[in-house]
Amino acid sequence: MKKHAIIPIFIPHRGCPHDCVFCNQRKITARSADVTPADAEKIIEEYLATLEGRGLLSIEVAFFGGSFTGIPMEEQSAFLAVAKKYKDSGRIDAIHLSTRPDYINREILDNLRAYGVDVIELGVQSFDEEVLRLSKRGHSAADVEEACRLIHEYGFTLGIQLMVGLPGDSREACIESAKKAVALGPSIARIYPTVVIEGTELADMYKAGAYKALSTEEAVDISKDMYRILAGAGVNVIRIGLKNTDIINDGGPDSAVLADYHPSFRQLVESELAREAMEAAVAQAFPEGAPPAGTKMRCFAAPRLVSALSGYRGRNRRDIAERYPGLDPAFLPDPSLGDPQFRFEFEPPAEERNAE
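The structure displayed is predicted, hence computed values, not measured ones. (Residues numbered from 1 in each chain as written. Predicted model: local features only at pLDDT ≥ 70, side-chain atom pairs only at ≥ 80, totals over all residues. Heavy atoms only, no water.)

Novice: Help me understand the pairing of strand 4 (residues 119–125) in this model?
Specialist: For a regular strand, the rule is simple: side chains alternate between the two faces of the sheet. Along strand 4, seven of the seven residues are buried, which leaves the element largely enclosed by surrounding structure. Where burial is concerned, the two faces of strand 4 agree: the one with Val119, Glu121, Gly123 and Gln125 and the one with Ile120, Leu122 and Val124 are both buried. What joins strand 3 (residues 94–99) to strand 4 is helix 4 (residues 106–114), and the crossover it makes is right-handed. Bridge count between strand 4 and strand 5 (residues 157–164): six bridges; the pairing is parallel. Of the residues in strand 5, the one forming a bridge with Leu122 is Ile160. (Buried < 20%, exposed > 50% of the residue type's maximum accessible area, 1.4 Å probe, protein only. Helix = DSSP H or I, 4+ residues; strand = E, 2+ residues; numbered from the N terminus. Right-handed = clockwise from strand over helix to strand, strands pointing away. Pairing = 2+ DSSP bridges.)

Written out as structure tokens, the structure reads:
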């Protein structure tokens with residue numbers, strides 16, 4: 001049962017001076033009416049009408065859009081005052097926002113603290129300077145480090161968002177970004193494979209052959225290793241991959257995805273991690289050959305990840321059956337396991353147990 005809920009409020013970053021190659025927010029903003037604090041209050045009320053009374057452990061109001069702290073301070077304050085009213089009344093538990101590393105300073109943080117903000121997510125994307133330059137991010141890795149230092153100093157919960165497959169990117173650069181992110185002590189993280197969307201500079205580069213998008217398989221392979229690094233360090237990876245609703249899908253020219261995009265990307269990543277863990281466990285338990293026919297294999301994961309053991313659309317189950325036809329796997333929940341952790345037990349065939 002879902003225990004945490006987020007009330008998302010999208011604030012288009014009309015004031016952002018940057019033109020990141022992958023971003024189409026300017027075009028989205030041009031088609032969208034400005035969101036006002038009154039709109040934010042209406043959104044919160046609509047969500048609370050369905051969320052309150054459901055026994056949720058926490059409800060957050062989250063301001064998304066990429067650069068909340070880049071809008072004028074008085075506008076930030078007006079939106080935050082709405083959220084703070086609900087937090088002060090106890091109807092929500094936390095205020096959450098996302099922004100850029102170069103839109104963090106002491107004046108901004110003083111204001112966020114005054115309005116009871118709890119979580120600040122930074123759109124870092126990469127720690128590789130060449131990737132940041134080619135993506136026209138407009139900030140450096142040093143800006144990220146300073147922003148994270150200040151966020152920790154002020155006592156906010158830090159989140160870091162990383163992207164996979166940007167221009168100039170590589171597996172090595174992505175893995176290094178995950179390691180550098182861990183070193184900065186975030187509590188939460190997101191991993192997004194780069195999606196080529198019509199109406200962006202990246203789309204033009206893609207059409208001209210100046211940018212080669214990762215395949216889904218390549219993006220999964222890199223993302224799973226980044227996920228393993230982050231989760232292994234105790235970072236809660238709250239999202240992997242874009243939701244359908246993260247991409248404007250109104251049928252207009254700016255909604256088209258030009259390269260590989262998979263709506264169940266997180267499932268693919270977690271299923272691949274589970275498959276690797278299962279294969280390693282079998283190889284360790286039976287180093288000299290395949291398991292004897294009738295061998296039972298109990299595979300455990302956190303309840304949320306039991307489906308990952310079976311694999312996306314049952315792929316892992318089929319692969320195990322083909323590779324180890326003598327194995328009889330069962331996929332079971334173990335609430336004591338973390339994310340993404342797996343545990344395995346093997347039981348010999350009945351005739352071997354009887355012989356003992």
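Novice: How should I be thinking about the packing of aromatic side chains in this particular structure?
Specialist: What describes a pair of aromatic rings is the distance from one ring centre to the other and the angle between the planes of the rings. Scanning the model with the defined rule gives five aromatic pairs in all. Measuring from centroid to centroid gives 6.1 Å for Phe63 and Phe79, while their planes differ by 65°, and the two rings are edge-to-face. Note that Phe63 is positioned in strand 2 (residues 58–64) and Phe79 in helix 3 (residues 73–88), a separation of 16 residues in sequence. You'll find Phe63 and Phe79 in the same group, each marked buried. Members of the aromatic cluster, each reached through a chain of ring pairs, are Phe63, Phe68 and Phe79. Taking NZ or CZ as reference, Arg343 lies 4.0 Å from the ring centre of Phe300, over its face. (Phe/Tyr/Trp six-rings, centres within 6.5 Å; stacked < 30°, edge-to-face > 60°. Lys NZ or Arg CZ within 6 Å of the ring centre and 35° of its normal.)

Novice: Sorry, what's going on with the sheet that holds strand 9 (residues 327–333) here?
Specialist: The strands making up a sheet associate through backbone hydrogen bonding, with each pair oriented either parallel or antiparallel. Judged by pairing direction, the sheet is mixed, and its three strands sit side by side in the order 9-8-10 without closing on themselves. At either margin of the open sheet sits one strand with a lone partner, and together these are strand 9 and strand 10 (342–347). Within this sheet the neighbouring strands show an average axis-to-axis angle of 20°, counted without direction. When strand 8 (residues 295–301) meets strand 10, the two strands line up antiparallel, connected through six bridges. Looking at the pairing, Ala301 lines up with Phe342 of strand 10. Contacting strand 8, strand 9 and strand 10, helix 10 (residues 265–285) crosses the sheet at an angle of about 40° to strand 10. (Axes fitted to C-alpha atoms, helices over the stretch in contact; angles between N-to-C directions. Contact = heavy atoms within 4.5 Å.)

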